[in-house]
Amino acid sequence: MSGAVLPVGRGARLLRNPGFLVGAFIVGACAVLAVLAPWIVPYDPFAIDLNRRVVPPAFMEGGSLQNLLGTDQLGRDYLSRLIYGARISMLIGVLTVITSGIIGTTLGVLGGFYGGRVDDAVVFAITTRLSIPAVLVALAVAALRGSSLMLVILVLGLLLWDRFAVVARSTTMQIRNLDYVAAAWCAGVSRWWVLTREVLPNIATHLAVVATLEMALAILLEAALSFLGLGVPAPLPSWGLMISEAKDYMFFSPWVIVIPGMALFVLVLGVNLLGDALRDMMGTDLSR
Amino acid sequence: MLRFFLRRFTVAVLVALTVLTLAFLLTRLSGDLAISIAGPNATAADVETIRQVYGLNRPLHVQYFDWLGRAVQGDFGDSFFFRDRVANLIASRMSVTLTLGLVGLGIALVVSLPLGILAAVREGTWVDRAVSLVALIGQAMPSFWLGLVLMVVFGLQLGWLPISGTGSWEHYVMPGVVLAFSAIPSLTRLTRSGMIEALASDYIRTARAKGLSRLSILVKHGFRNAAIPVVSIAAVQLGFMLGGSIVIETVFALHGIGYLAWESISKNDFPVVQAVVLVLALLYIGLTLAADLLNAVLDPRLRTG
Amino acid sequence: MSALLEVQGLRVTIGSTAAVRGVSLSVNKGETHCLVGESGCGKSITALSVMGLLPKGSLRETQALRFAGEEIGRYDERQMERLRGDRMAMIFQEPMTSLNPAYTVGSQMTEVLRRHRGTPRAQAVDRAAELLARVGITAPGLRLGQYPHQLSGGLRQRVMIAMALMCDPELLIADEPTTALDVTVQAQILRLLAGIQKDLGLGILLITHDLGIVARIADRVSVMYAGEVVESAPTAALFAAPEHPYTRGLLSCVPVPGKVKRDEPLGSIPGVVPRIRPGFAGCGFRDRCSRASAACAGAIPRRNAGDSHEVLCTLEPGWGGKAAA
């Protein structure tokens, strides 16, 4: 009986949900771009050409088909940088969620499963985490340790586990108190068995919803950190960094910030659409 | 009731102490703080001097308790860069951040409460779907980018609003809107779900049976009950907004404590960073406590139960 | 006597369910009319359609819906608002949740008077206190300042009744007002309703599934089944000579002292109330009826079984001998 993470009927309903389809398309396309980036980019995203700086995109006046989305302030091809940027956003999103998911789920399941003092400690940890201003701490750490892609992932992973813990804790509690789990206890099964056979499979879908929310948040935070100059270091083409580098030109050529910004917005929207569809399917309540 | 609040208060104090400790550890994360302060061009002698002056040559636990003892009295030491007491710096910048936070929260409430109510009243229709689309868009909007776009459109092209600074109330409009965007999605969703629940309840049927007007049914009887969770989330959101204001203050060059923190980070002025982390954390802790109290005021079942 | 409320040919469709299928009934001034039937037979929907409080997505049709001689079937929402709580009031089955938890009893009671009459606050409070005393609440001054969660279920229902009386309504609709209460409290609330009706001379439409209640306070009874009134008669006549097989079955389920012999099993009706889809024809009871025939699938005649005693059945009045129950 346990372990039915995605019953067939629900899966089919998911495929008829337009939000899910749009979200899946956006995220899927981004993932494909990220993986295939080195083979599909028209130019080297790091190649500087000072003779062709801030050339507008092909669809605007003054643009040419040579650079479909134009070039940046150092004459690098914007489309190529944008595609490489998808790599960074996806990488940050996925790795951060894995890190924070492991931390948060472990804490939450422990608290929900054992209750008592253990739970008090977990709740205390969550409360403390929530009171810490994440962006500021991430910036400070990056400034102290020198920023790098790995550091950003690590810092965000260590900061964004709170919602995982909250949801894992409450769902574990619910499942622990279900009649059939209580019956399993009485039948003399081990804690490990209850944990791996009853609890984890049943909280998995709830955690999947949280994972999408946190992935969206991680992508946005990375962009913000990079925008402030303390995230992914140049010359890596993070979308946040692209906006930051281009903002001196935005008053004359607004497209320089519009293009990477739209990319960021669309990807995060896609991830959130996926999460919403999953939540509707599950009936998970995450109204926070 | 009283026991509940004593417990909440004790937890809050413990959380505050933990954050104090974390804030201390944060600056010791780099290994040798003296080298970070001295900067890349300093000689070994310079670093040694800094160690002496700031007491960084003492054992770590001595430094910790010394710092803790001062911090709980509101003494965060001196700024390396600004040549001023950190407490003074924060006090002088606080009003900008608080104003921004309150303006942001105000805009967020003005937008999300009617939207949430509207979506609940028209549940399942295109209006409802449009509102959830607005929430989704708000959730996906990178705030710093929205800030830049607004600057280009309203600051430069239309020329309606000032682009940066803190001179007048107009300076707070764009940053406030941007900050509000981060709180609108969750507040709208919460208002909607709370209203749907309230409108389906028996007391709404009673209110209708009493012949009350539609407005009174929606607002006085429906929203009054839906508002209880919204208030506590709004307080928590204000905490998050103050914490997140660093990005927006930087974009719009608003000289609040977020901007101060950013300046200090780039100048390796760690006593200030430490203090801002602490102040923001304490604000958040205070706000969640206030939210609990406010809940008790709003919900007679908590107050008199 | 002139009819205070007159319903003719009421039909309500909710989604794909024909909840009420041509109900006609009337309530006179100073009369208690009981609507009985199992849950799901359309009693509450009938009451809510009179008040204009049907849930979203319901469709109401009537041949006539007259209140105090006026056709209210075509009233718009504003006109109904003016009527509700003023000239017709309603109390519900769930006293625990029918009061708003966020406001005091006093605020919720005075609100009605202030809305309909624009009565000043102080006067409205006096009136509320007077009515709380009338419904048997001691220390009304104290209760006015309390919140619903501080009151017991019985007290809350008394508050609901008092609130319904704030504007001196002509008609009171009570939807199973005692079902959720303790047995002792049930009796008190019923006595209260009977007393109020006698004093104030209002018409009461009382919905219940409890025949004991009917026997005690009803002047007239309408038995509902699957969205139809299958039998309607003065209380005494209905208990003495029930005509519809469903009514007889219903009465045989209730032990009546002196009529039931020791060791003899009580009656029961097999099956459950069916869900009727729009377009259904014939008698809704025929699948559960032991006397059903082919004729029951056609149009069912409305027969007269005595002085203002009507029955909707293919069987002749007096079938199987009188008073079979």
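Note on numbering: residues in each chain are counted from 1, in written sequence order. The naming scheme follows written order: chains are lettered A onward, ligands numbered 1 onward. Only residues with pLDDT of 70 or above have their local features reported here, since the model is predicted, and side-chain atom pairs are shown and tallied only from 80 upward, although totals for entire chains, interfaces and linings are computed over all residues.

- Chain C appears in an unreviewed UniProt entry as ABC transporter ATP-binding protein from Neoroseomonas eburnea.
- UniProt positions are given in the numbering used here, feature names are shortened, and annotations may be inferred rather than shown by experiment. The UniProt entry for chain C carries the following text under Subcellular location (unreviewed entry): "Cell inner membrane".

- The name recorded for chain A in an unreviewed UniProt entry is ABC transporter permease, from Neoroseomonas eburnea.
- Under Subcellular location (unreviewed entry), UniProt gives the following word-for-word description of chain A: "Cell membrane".

Some thoughts on the overall build of chain C
- Secondary structure summary: chain C contains 10 helices and 13 strands in total.
- Across its three principal directions, the C-alpha atoms of chain C cover 65 × 50 × 35 Å.
- Here a residue counts as buried when 20 or more other C-beta atoms sit within 10 Å of its C-beta, as exposed when there are 12 or fewer, and as partly exposed otherwise, the C-beta atoms being derived from the backbone. The 325 residues of chain C split such that 46% are buried.
- Working definition of a contact: two residues with C-beta atoms, positioned from the backbone, lying within 7 Å. Partitioning the intrachain contacts of chain C with sequence separation of at least 6 by distance along the chain shows that 65% fall at a separation of at least 24. Numbering of helices and strands runs from the N terminus; a helix is a DSSP stretch of H or I covering at least four residues, while a strand is a stretch of E covering at least two.

Some remarks on the overall build of chain A
- Scanning chain A for helices and strands turns up 11 helices and 0 strands.
- Each helix and strand of chain A, placed in order from N terminus to C terminus, yields the pattern α-α-α-α-α-α-α-α-α-α-α.
- Projected onto its principal axes, the C-alpha coordinates of chain A cover approximately 75 × 45 × 30 Å.
- By the burial criterion, 50% of the 288 residues in chain A qualify as buried.

Quick look at unusual backbone geometry
Residue and element names in this part refer to chain C.
- Although it is not a glycine, Asp-168 sits at a positive phi angle of roughly 55 degrees.
- For Asp-168, the location among the structural elements is in the loop between helix H6 (153-164) and strand S8 (171-175).
- Backbone geometry at Ala-226 places phi at a positive 45 degrees, although glycine is not the residue there.
- Following the sequence through the fold, Ala-226 ends up in the loop between strand S10 (220-225) and strand S11 (228-234).
- You can call Ala-226 buried: it has 26 C-beta atoms within 10 Å.

Some remarks on the UniProt feature "domain: ABC transporter" (unreviewed entry) in chain C
- Taking the UniProt record as the reference, the feature "domain: ABC transporter" (unreviewed entry) is found at residues 5-251 of chain C.
- The straight-line gap between the two end C-alpha atoms of residues 5-251 of chain C is 27 Å; of that span, 40% is helix and 26% is strand.

What to know about the pairing of strand S7 (residues 88-91) of chain C
Residues and elements named next belong to chain C.
- Burial along S7 is two-sided: the face carrying Met-88 and Met-90 and the face carrying Ala-89 and Ile-91 are both buried.
- The pairing of S7 with S8 spans 4 bridges and is classified as parallel. In the strand pairing of S8, Ile-91 is matched with Ala-174. Two strands form a pair only when DSSP identifies at least two bridges running between them.

Quick look at the UniProt feature "domain: ABC transmembrane type-1" (unreviewed entry) in chain A
- Taken from the UniProt record, the annotation "domain: ABC transmembrane type-1" (unreviewed entry) applies to residues 86-275 of chain A.
- Across residues 86-275 of chain A, helical content stands at 83% and strand content at 0%; the span's end C-alpha atoms are separated by 19 Å.

Quick look at the interface of chain B and chain C
- Facing 18 residues of chain B, the contacting portion of chain C comprises 25 residues.
- Element by element, the count of residues in the side of chain B that touches chain C is highest for helix H9 (residues 202-209) of chain B, at 6 residues.
- Amino acids outside the nonpolar list (Ala, Val, Leu, Ile, Met, Phe, Trp, Tyr, Cys, Pro) and the charged list (Asp, Glu, Lys, Arg) are all regarded as polar, and Gly is one of them. In terms of residue class, the side of chain B that touches chain C is made up of 4 nonpolar, 8 polar and 6 charged.

Details of the interface of chain A and chain B
- Each partner contributes to the interface: chain A provides 38 residues, whereas chain B provides 40 residues.
- Of all the secondary-structure elements, those providing two or more residues to the side of chain A that touches chain B are helix H4 (116-131), helix H5 (134-145), helix H9 (191-227) and helix H11 (255-282) of chain A.
- Partitioning the side of chain A that touches chain B into residue classes produces 28 nonpolar, 6 polar and 4 charged.

Describing the packing of H9(A) against helix H10 (residues 239-246) of chain A
All names here are of chain A.
- As a packed pair, H9 and H10 sit with axes 7 Å apart at the nearest point and diverge in direction by 35 degrees. Seen along the crossing, H9 lies across H10 with a hand that is right-handed. Listed contacts from H10 to Glu-222, Ala-223, Ala-224, Leu-225, Ser-226 and Phe-227 of H9 are Trp-239, Gly-240, Leu-241, Ile-243 and Ser-244.
- Class assignment for the residues of the contact of H9 with H10 results in 7 nonpolar, 3 polar and 1 charged. Lines are fitted to the C-alpha atoms to define the axes, a helix being fitted only along its stretch in contact, and any angle between axes, read from their N-to-C directions, falls within 0 to 180 degrees. The hand of a helix crossing depends on one turn: near helix anticlockwise from the far one by less than a right angle means left-handed, and clockwise means right-handed.

So, the arrangement of the chains
- The interface with the highest contact count, out of 2 pairs of chains in contact, is the one between chains A and B.
- Separated in space, chain A and chain C share no contact, their closest pair of C-alpha atoms being 22 Å apart.

Quick word on the packing of helix H8 (residues 173-199) of chain B against helix H10 (residues 214-251) of chain B
All names here are of chain B.
- Where H8 contacts H10, the two axes come as close as 9 Å, and the packing angle between them is 160 degrees. The angle between H8 and H10 places the two elements in the roughly antiparallel class. Here H8 runs over H10; the crossing is right-handed.
- Broken down by class, the residue content of the contact of H8 with H10 amounts to 17 nonpolar, 9 polar and no charged. We call two directions roughly parallel when the angle between them is under 35 degrees, roughly antiparallel when it is over 145, roughly perpendicular when it lies between 65 and 115, and oblique otherwise.

Remarks on the confidence of the model for chain A
All names here are of chain A.
- On average, residues of chain A carry a pLDDT of 83, and 94% of them reach 70 or more.
- pLDDT measures the predictor's confidence residue by residue and takes values from 0 up to 100. Here residues 1-7 scores under 50 on pLDDT; set against residues more than four positions off or in separate chains, the count is 9 contacts.
- Segment residues 284-288 is flagged for pLDDT under 50; beyond a separation of four residues in sequence, or across chains, it makes 11 contacts in the model.

What to know about the sheet that holds S8(C)
Residues and elements named next belong to chain C.
- Spatial ordering of the open sheet is given by S7-S8-S9-S3-S10-S11-S13-S12, a layout of 8 strands whose pairing is mixed. Two strands bound the open sheet, and with one partner strand each, they are S7 and strand S12 (302-304). For this sheet the average axis-to-axis angle between neighbouring strands, irrespective of direction, equals 20 degrees.
- Two strands pair when backbone bridges link them, and S8 and strand S9 (residues 203-208) are joined in this way by 5 bridges, in the parallel orientation. Pairing of Ala-174 across the sheet is with Leu-206, part of S9.
- Relative to the sheet, helix H10 (residues 245-252) contacts S10 and S11, its axis offset from that of S10 by approximately 105 degrees.

Re the environment of Leu195(A)
Residue and element names in this part refer to chain A.
- One can find Leu-195 in helix H9.
- A tally of 15 C-beta atoms within 10 Å means that Leu-195 is categorised as partly exposed.
- In this structure the C-alpha to C-alpha distance between Leu-195 and Asp-179, which are 16 residues apart in sequence, comes to 15 Å.
- Beyond its immediate stretch of four places on either side in the chain, Leu-195 contacts Phe-113 and Leu-200.

Let's talk about the pairing of S9(C)
Residue and element names in this part refer to chain C.
- Within S9, 6 of the 6 residues are buried, which leaves it mostly tucked inside the rest of the structure.
- The alternating pattern of S9 places Gly-203, Leu-205 and Ile-207 on one face and Ile-204, Leu-206 and Thr-208 on the opposite face, and all of these are buried.
- Assignment of crossover handedness uses the view with strands pointing away from the viewer, where a clockwise path from the first strand over the helix to the second indicates a right-handed crossover. Once you follow S8 into helix H7 (residues 183-200) and on to S9, the crossover reads as right-handed.

Quick notes on the UniProt feature "transmembrane region" (unreviewed entry) in chain A
All names here are of chain A.
- Within this numbering scheme, the UniProt entry marks residues 20-43, 90-115, 121-142, 149-166, 207-232 and 252-274 as carrying the feature "transmembrane region" (unreviewed entry).
- Strand forms 0% of residues 90-115 and helix 96%; the C-alpha atoms that close the span are 36 Å apart.
- Structurally, residues 207-232 is divided into 81% helix and 0% strand, and its ends, taken at the C-alpha atoms, are 27 Å apart.

Regarding the nonpolar core
- Ranked by size, the top nonpolar core spans 262 residues in total, and within it Ala138(A), Leu139(A) and Val276(B) carry the most contacts.
- The element contributing the most residues to this core is H9(A), with 18 residues. Buried Ala, Val, Leu, Ile, Met, Phe, Trp, Tyr and Cys residues whose C-beta atoms connect them within 7 Å together make up a nonpolar core.

Overview of H8(B)
Residues and elements named next belong to chain B.
- The end-to-end C-alpha separation of H8 is 34 Å, well short of the 39 Å expected for 27 residues at 1.5 Å each.
- A residue's bend is the angle separating two fitted axes: one through the seven residues that end there, the other through the seven that start there. At Ala-183, H8 shows its strongest bend, of approximately 40 degrees, with the proline Pro-185 following within four residues.
- Burial analysis of H8 places 23 of its 27 residues in the buried class, the great majority of the element. A helix is expected to span 1.5 Å for every residue after the first.

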